[in-house]
Amino acid sequence: MKEALIAQLRRIVGDAQVLDQGDLTAYELDWRKRSRGKALAVVRPADAGQVAEVVKACAAAGVSIVPQGGNTGLAVGSVPDESGTQVVLNMARMNAIRAIDPDNLTMTVEAGCVLQTLQEAAEQAGFLFPLSLAAEGSCTIGGNLATNAGGTQVLRYGNARELCLGVEVVTAAGDIWEGTSGLRKDNTGYDLRDLLVGSEGTLGIITAATMKLYPLPAAQLTAWAAVPSLDHAVRLLGLAHRHLGAGLTGFEVMGRFALGLVARHFPQQRVPFLDDGGTPWCVLLENSDSESESHARERFEALLEQAVEQGCVTDAVVAENLGQAKALWHVRESIPMAQAEEGLNIKHDISVAVSRIPAFVAETDALLQREIDGVRLVNFGHLGDGNLHYNVQAPEGGDARRFLEEQEERVNTLVYDQVERFGGSFSAEHGIGSLKAHKLQKHKSPVALGMMRAIKQALDPRGTLNPGRVLGDLPR
Ligand code: FAD
């Protein structure tokens, strides 16, 4: 059966595009190197027609498919399980930019297009494509849509869903739905685009998408501010909204311990205000201005002056040029890598209403420190969106692997129960994948879960697409 299916897949996409021998680590190992699966084969289609044929062939053979973009996802959704029976459908070859429509302010791209390529193509055409995250050099727009990725500009432009005007999708039956018309208004029944976005490859395979473009800002300025507490950071956010309006395009918060890890593992990077001992939190702000750099700078300086007067900011620097701005962003984006250098850790991607974040962090920090000796808290994230990466590092000098084996489930339960108590979400932007499928059962309302199962059953009755992801194992 296996040989017959592989022969059929080779006929569809070509011999060289079906990999079932040799080292397939790049397709079978998740980005955090925490889950290693075994693929029946890796298939690399060239167009939506081939994707449709592959889906039909796999469905007929009773073989399930794991869609894969850049394989940078953090919820273990894009690698096969260990059974050796799943086909990985890698979208990398479908990377064309089909069209840029300057009047409609849209671009239509294939799903395997790397995010950074989209950004660059938009810029060359004189526009901004604002989705931005640290994995942008490898992740694909298909993966971004499938996970409804967020990143650093959500505050102003929304997450991947808000940036998407339409998708082309191959269904579990192997039909192609061409939904990339680029309409801003289309109230013709259920919104299938919004259903597919964020479905993590469980309802359909996104083969192309039409995305929104924006005018390039005339100037973009970045500031780094030291704040005395998270309460002050939230007050600074309020001031920034009032002073900068739609110009406020980034507002990131970073705890001292997280920044200390960057300084420790990447000593070539300069981390502002880390040496002054008393700075518990820093904030990275971005102001994008449609007028001019001097206008942007004036507004930024007025904001920071008022913030200092009100005690929200103890010190601040505004980048003088693009190089300095990039260096500041680089510090923020290096935190996950610095954490990885420090050792295995427990990651949480949570959201809570912005106003409740200081209380959430204070209470949850205290709880964890009380419950688990020597625990180290790595806290940073997109405060402007109420989204924190509330991560937990093993005690200094301890055996991190053993710590995770013994404590990960307990830590997750403590943190996610706190999130629920604060009315938040235990997965803000990374999705569910297989990593958090059991947590979804606990924290999502039974009514919502019932509707989600009904949708999955209706659109993929055989369970061909990414089984076990999001909803966990469903009865066949
Ligand atoms: P993959 O990892 O390949 O896949 C992710 C999921 O989407 C899987 O379930 C897969 O089956 C499905 N999928 C992929 N392509 C398709 C398709 N064409 N059709 C249907 N399903 C598909 N995320 C954020 O939201 N914000 C951040 O700031 C952020 N920062 C990150 C920083 C780093 C360093 C890293 C490594 C990751 C970060 N992420 C962040 C995670 C983020 O979700 C992914 O980087 C990205 O959105 C996934 O894209 P990908 O192409 O790598 O998808």
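The coordinates are above.
As a starting point, this report considers the structure included with it. Note that the structure is a prediction, hence the values are computed from the model and not measured.

### What about the overall build of the protein chain?
- Counting its regular elements, the protein chain contains 17 helices and 19 strands.
- Relative to its length of 476 residues, the protein chain is compact, with a C-alpha radius of gyration of 23 Å against a globular reference of 23 Å.
- C-alpha extents for the protein chain along the principal axes are approximately 70 × 55 × 45 Å.
- Counting over 476 residues, the protein chain shows a buried share of 54%.
- In the protein chain, 72% of the contacts between residues at least 6 apart in sequence involve partners at least 24 apart.

### Here we look at the site of the ligand
- Around the ligand there are 35 residues in total, and P67, G69, T72, G73 and T140 lie nearest to it.
- At 2.8 Å from an oxygen atom of the ligand is found a main-chain nitrogen or oxygen belonging to G150.
- Here G151 contributes a backbone N or O atom positioned 3.3 Å from a nitrogen atom of the ligand.
- Relative to its free-state accessible area of 970 Å², the ligand is covered by the protein chains to the extent of 96%.
- Those elements that provide at least two residues to the shell around the ligand are β3 (65-68), α5 (141-146) and β10 (205-212).
- The element contributing the most residues to the shell around the ligand is α5, with 4 residues.
- Across the shell around the ligand, the residue classes tally to 13 nonpolar, 20 polar and 2 charged.

### Overview of the pattern of salt bridges
- What the rule picks out here adds up to 23 salt bridges.
- The partner of R98 in a salt bridge is E110, with the nearest N and O atoms 3.9 Å apart. Of the two residues, R98 is situated in strand β5 (residues 97-101) and E110 in strand β6 (residues 106-110); the sequence distance between them amounts to 12 residues.
- Residue R98 is classed as partly exposed on the basis of its relative accessible area of 37%.
- As a salt-bridge pair, R297 and E293 come within 3.1 Å of each other at their nearest N and O atoms. Here the residue R297 and the residue E293 both occupy positions in helix α11 (residues 293-309), the gap between them amounting to 4 residues, near one helical turn.
- Salt bridges linked by common partners bring R161, D191, R193 and D194 together as one network.

About the cut-offs
- Residues numbered from 1 in each chain as written.
- Predicted model: local features only at pLDDT ≥ 70, side-chain atom pairs only at ≥ 80, totals over all residues.
- Heavy atoms only, no water.
- Helix = DSSP H or I, 4+ residues; strand = E, 2+ residues; numbered from the N terminus.
- Rg over C-alpha atoms; globule rule 2.2 N^0.38 Å.
- Buried < 20%, exposed > 50% of the residue type's maximum accessible area, 1.4 Å probe, protein only.
- Contact = heavy atoms within 4.5 Å.
- Near = heavy atom within 4 Å.
- Polar contact = N/O pair within 3.5 Å; in protein donor to acceptor, adjacent residues only side chain to side chain.
- Areas by Shrake-Rupley, 256 points an atom, 1.4 Å probe, with all protein chains shown as cover.
- Nonpolar A, V, L, I, M, F, W, Y, C, P; charged D, E, K, R; others polar.
- Salt bridge = Lys/Arg side-chain N within 4 Å of Asp/Glu carboxyl O.

Geometric descriptors of this kind do not, in isolation, establish any biological role.
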